[in-house]
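# Architecture and fold: a report
Listed here are the chains, written in short residue letters.
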Number of protein chains: 2
Amino acid sequence: MSYYNLSGKNKYYTLYSLIRGDILRGKLKEGERLPSKRGLAADLGVSVVTVEQAYEQLLAEGYIRSEERSGYFVERGVQSFPPPAHGGEPEAEEVEGERFKLDFVDGRTPEELFPFSVWARLFRKVLSDGGEHLLRRVPADGEPRLKKAISDYLYRSRGIEAEPKRIVIGAGAEFLYGIIVHLLGVNPKIAVENPCYTKISSTYLLSGAKIIPLNVKGGGICPDELQNSGADAVHLSPAHQFPTGEVTPVSNRLKIINFAREGRYIIEDDYDSEFRLSGKPLQSLYSLCPDRVIYINTFSKTLAPSMRLGYMILPPALYEKFMQLFSQGANVVPLFEQLALAEMLDGGFFERHLSRLKNSYREVRQILTAAFANERGCAISDNGSGLHFVAKIEGATDDEIKETARGRGVRVKCLGDYLIAPAEGLEGCAVINYSGLTPERLKKVIY
Amino acid sequence: MSYYNLSGKNKYYTLYSLIRGDILRGKLKEGERLPSKRGLAADLGVSVVTVEQAYEQLLAEGYIRSEERSGYFVERGVQSFPPPAHGGEPEAEEVEGERFKLDFVDGRTPEELFPFSVWARLFRKVLSDGGEHLLRRVPADGEPRLKKAISDYLYRSRGIEAEPKRIVIGAGAEFLYGIIVHLLGVNPKIAVENPCYTKISSTYLLSGAKIIPLNVKGGGICPDELQNSGADAVHLSPAHQFPTGEVTPVSNRLKIINFAREGRYIIEDDYDSEFRLSGKPLQSLYSLCPDRVIYINTFSKTLAPSMRLGYMILPPALYEKFMQLFSQGANVVPLFEQLALAEMLDGGFFERHLSRLKNSYREVRQILTAAFANERGCAISDNGSGLHFVAKIEGATDDEIKETARGRGVRVKCLGDYLIAPAEGLEGCAVINYSGLTPERLKKVIY
């Protein structure tokens, strides 16, 4: 562990993250003894307190155990332990202060493509149409006009038939995950794809759920493993799993639906289905079984993460539970925003914006896939869906990939960075998320 | 119980609420036997299923217990049981469809007083100044410009010195209550004023906290009771308790601060301190002990509940914990809104708006206190603070007050409606919340 690089402000946290990462990736094996605090502190040139804090946190989260007079050891069966609540993204801090020419991690809409003038106009319209209605507390499940507009949009664009009533508006996907935990009961067990967008598992944990990681292989998670997992619900993105890019085949979809028949639920996170760049999006699980599937999506990818706008469709029983628990509270999304978005959807502005976005991303993808295809030893798996693909670099380790990329001014993460429990066979796979790029920006860097 | 009036849609819920209310108010005593399901159903002219559902819910929440073959009984020590998560406001449903000439319950800013044109102008400015920054995920604790603007405003208006860094922006007070529970640890015990704004206790419960109700008497809660309560934290509004209107005297403030010295925290909910209509606001508890007090406030009363804008100042240790738990997530308040509010505060627009609001409310209060002073047997307690006062009607019960008011087209609640545990001596006190009124509207009804 003496090769750890602890630059940056929060040394204890970085050290904690690095050790945890090594445990999850299997570099530190079950039962293996950790260096003494003093020894490691001397090796790394940090204070003993820093090492102590890092060990304490690993201890508290159950990654390691302490044995009196003999030291610290990697705990057995760490995959059954929940990942930490803070997202498990050790690199996040290193980004600050460093300028990248190309960023394949951060996914915000390019500024050139955001419809500022449309949004300003619609917002002004909302305020001037306004009146008393604008100042009321919004019902817990959201502004009815927006619920109706989303229902209409889902039908037009995705063939989903959802009663407006059962749509619930929330401040982004993570916010809605927290609500779902409350709807599933006390400390529900939720099966989560591994690897995954780590905020999924961390938000569930923070809200009191227990996490059961299921490894993603070709075609997504294994329905039999799910069936035997003891989970009360499963969270998945069958249309385009992040970060693996796997698409769940129809045969598996039906088996997954079967899991939910016995009082259990499926949380279908359709986070980037709008961006199927070739062909039609696959039918949603929700459409197959609206009574057992919670469908969830946001406008973070299509508009901007700063807008905090998401929604879910709840099965009837869960909608009733939602209203029992929350109907006395107000919806947390500002009403002005909800009405402006309703105008945007109803007026066709959103779909015009989306088609402009898709044209841009399609071009970005062509440039990138061509560039990667030319690299020696590089195989890309791209199924024409979503805003990222995976590039496997033969013989390279994750660390080598990231180091090389960094040397070229490129920020990238690997599949291994999204693990929430150990999994094999993922080494050497870069996740190329191009949602923050435009063809113009890309050409400036590449050519 | 045969006098219950179960009109309206949701009969089981109404019945449940009425029985629960009678238990909390002591009309149904500990150990008392409830009527049989069939008997009560026949009495009330509803189906047995309706009674069954109501009993089931009371049973699930621990208000009653069932004894085999002998029926249902009021549970002992119900005050130690948490109030229900749905807010304990049985009247809420009756409002729908009924038009009131005067509403002393709902508290939204009168439309005439909302600065629509200023808000529209600032919002447009934000969008046109904009650029890439506008689309980023907002840091978990909020947009730095708004944090700075709030810090400056608090110093100008309230003499509170708060480092901008330690201010956390959230989607309204209830949202922040939920976060506080996470910061206090696993299932923390929070002492809450009784009676109180029932969403306080219901939100804490929903977030996993345990509630310890402390009765409010003259001068607020009793510091000794607090000291002996076993609570990890206490939630209170020392400047102007809702609904009693009590102000915590300085002697009690110091004792309450002492409670927090031993690793415990005070949550100071300063929800309407901007509206001290005569004299200066009292010094905040936060200013006395910034290391142990969480200060929390919103713009729901000063701007609009539909805007979902609140903030809290965290003690250093809790701020660190907040960043540990949440720093990987995004703030849930839309960035556009945060920047527009920062412009409003920095440009002095907010304080101009506030002074206009206060002038209007001052006039409303004069009209109302004069009108109530003329009613026979009516004593009002008004300490010049906030947007409500309490009117005690001699010899009247809560039900009589509400029924009489309703007959005159007036919607009102009583202190007893805000109980979260049994308390004595509160019968016959109407809570006159005038935050939704203007002098013009009031004159139309009164004269």
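Below you will find a few notes about this structure. Quantities reported herein were computed from a predicted structural model and do not represent experimental measurements.

Rules and cut-offs
Counting starts from 1 at the beginning of each chain's written sequence and moves along it residue by residue. Following the order in which they are written, the chains are lettered starting with A and the ligands numbered starting with 1. Thresholds applied to this predicted model are a pLDDT of at least 70 for local features of residues and 80 or more for the giving and counting of side-chain atom pairs; totals over whole chains, interfaces and linings are not thresholded and use all residues. Each side-chain value is derived from all of the structure's non-hydrogen atoms; neither hydrogens nor water enter the calculation. Only C-alpha atoms enter the line fits that serve as axes; for helices the fit covers just the stretch in contact. Angles between N-to-C directions range over 0 to 180 degrees. Strands are runs of DSSP state E lasting at least 2 residues, helices are runs of H or I lasting at least 4, and numbering of each runs from the N terminus. Relative orientations are named as follows: roughly parallel for angles under 35 degrees, roughly antiparallel for angles over 145 degrees, roughly perpendicular for angles from 65 to 115 degrees, and oblique for any other angle. Two helices cross in a left-handed way if the nearer one is turned anticlockwise from the farther one by less than a right angle. They cross in a right-handed way if the turn is clockwise. Contacts are assigned to residue pairs with any non-hydrogen atoms lying within 4.5 Å of each other. Three residue categories are used. Nonpolar comprises Ala, Val, Leu, Ile, Met, Phe, Trp, Tyr, Cys and Pro, charged comprises Asp, Glu, Lys and Arg, and polar comprises the others, including Gly. Summed over both partners, the accessible surface that disappears when two parts come together, traced with a 1.4 Å probe, is what is meant by buried area. We define a salt bridge as a side-chain nitrogen of Lys or Arg found within 4 Å of a carboxyl oxygen belonging to Asp or Glu. We call two N or O atoms a polar contact when they sit within 3.5 Å, provided that within protein one can donate a hydrogen and the other can accept it, with sequence-adjacent residues counted only if both atoms are side-chain atoms. In this scheme, strands are said to pair when DSSP sees at least two bridges between them. For the exposure calls, accessible area comes from a 1.4 Å probe over protein chains only, and a residue counts as buried if that area is under 20% of its type's maximum, exposed if over 50%, partly exposed in between. Throughout, nonpolar core names a set of buried Ala, Val, Leu, Ile, Met, Phe, Trp, Tyr and Cys residues whose side chains join them through atoms within 4.5 Å.

A few words on the packing of helix α7 (residues 173–184) of chain A against helix α8 (residues 198–206) of chain A. Residues and elements named next belong to chain A. It is at 9 Å that the axes of α7 and α8 come closest, and there the two elements cross at 40 degrees. As judged from the angle between their axes, α7 and α8 are oblique. Crossing angle aside, the handedness with which α7 passes α8 is right-handed. Residues E174, Y177, G178 and V181 of α7 form the contact with α8, whose own contacting residues are K199, I200, T203 and Y204. Residue composition of the contact of α7 with α8, by class: four nonpolar, two polar and two charged.

Each partner contributes residues to the interface: chain A has 52 residues there, and chain B has 52 residues. Buried surface at the junction of chain A and chain B, summed over both partners, amounts to about 4600 Å²; 61% is from carbon and sulfur atoms. On the surface where chain A and chain B come into contact, there are two salt bridges. The shortest N-O distance in the salt bridge between E174 of chain A and R137 of chain B comes to 3.0 Å. If you look at where chain A meets chain B, you find twelve residue pairs in polar contact (both at pLDDT 80 or more). Those elements giving two or more residues to the side of chain A that touches chain B turn out to be α1 (11–24), α5 (116–129), α7, α8, α12 (316–326) and α13 (335–346) of chain A. Here the residues of the side of chain A that touches chain B are counted per class, giving 29 nonpolar, eleven polar and twelve charged.

On to the sheet that holds strand β15 (residues 429–433) of chain B, then. Residue and element names in this part refer to chain B. Read from one edge to the other, the open sheet built from four strands follows the order β11-β12-β15-β14, with strand pairing classed as antiparallel. At either end of the open sheet lies a strand with only one pairing partner, and these are β11 (378–381) and β14 (413–414). Across four bridges, the pairing between β11 and strand β12 (residues 388–393) is antiparallel. If you follow C378 over to β12, its bridge partner there is I393. Where helix α14 (residues 349–374) meets the sheet, its contacts fall on β11, β12 and β15, and the angle it forms with β12 comes to roughly 5 degrees.

Position of F116 of chain A among the secondary structure elements: in helix α5. The class for F116 of chain A is buried, based on a relative accessible area of 17%. When neighbours within four sequence positions are excluded, F116 of chain A is seen to be in contact with E111 of chain A together with L127, G131, L134 and L135 of chain B.

This part covers the pattern of salt bridges. Residues and elements named next belong to chain B. All told, the structure shown has 36 salt bridges over all chains when counted by the stated rule. The partner of E343 in a salt bridge is K125, and the shortest N-O contact between them spans 3.1 Å. Residue E343 is located in helix α13 (residues 335–346), and its partner K125 is located in helix α5 (residues 116–129); the two are separated by 218 residues in the primary sequence. Relative accessible area serves as the criterion here: at 12%, E343 is assigned to the buried category.

Turning our attention to the pairing of strand β1 (residues 64–67) of chain A. Residues and elements named next belong to chain A. As paired strands, β1 and strand β2 (residues 71–74) are joined by four bridges and run antiparallel to one another. Note that in β2 the partner of E67 across the bridge is G71. Connecting β1 to the antiparallel partner β2 that follows it, the hairpin turn spans three residues, and R69 within it adopts a positive phi of roughly 65 degrees.

A word on the nonpolar core. Core analysis: the largest hydrophobic core is formed by 205 residues, its most contacted members being W119 and L368 of chain A together with W119, Y204 and L368 of chain B. When residues of this core are assigned to their parent elements, the largest contribution, nine residues, is made by helix α7 (residues 173–184) of chain B. Ignoring anything within four residues of it in the chain, the contact list for L368 of chain B reads F104, F389, I432, Y434, L437 and L442 of chain B. V181, L183, L205 and I267 of chain A belong to the second-largest nonpolar core, a separate cluster that totals 32 residues.

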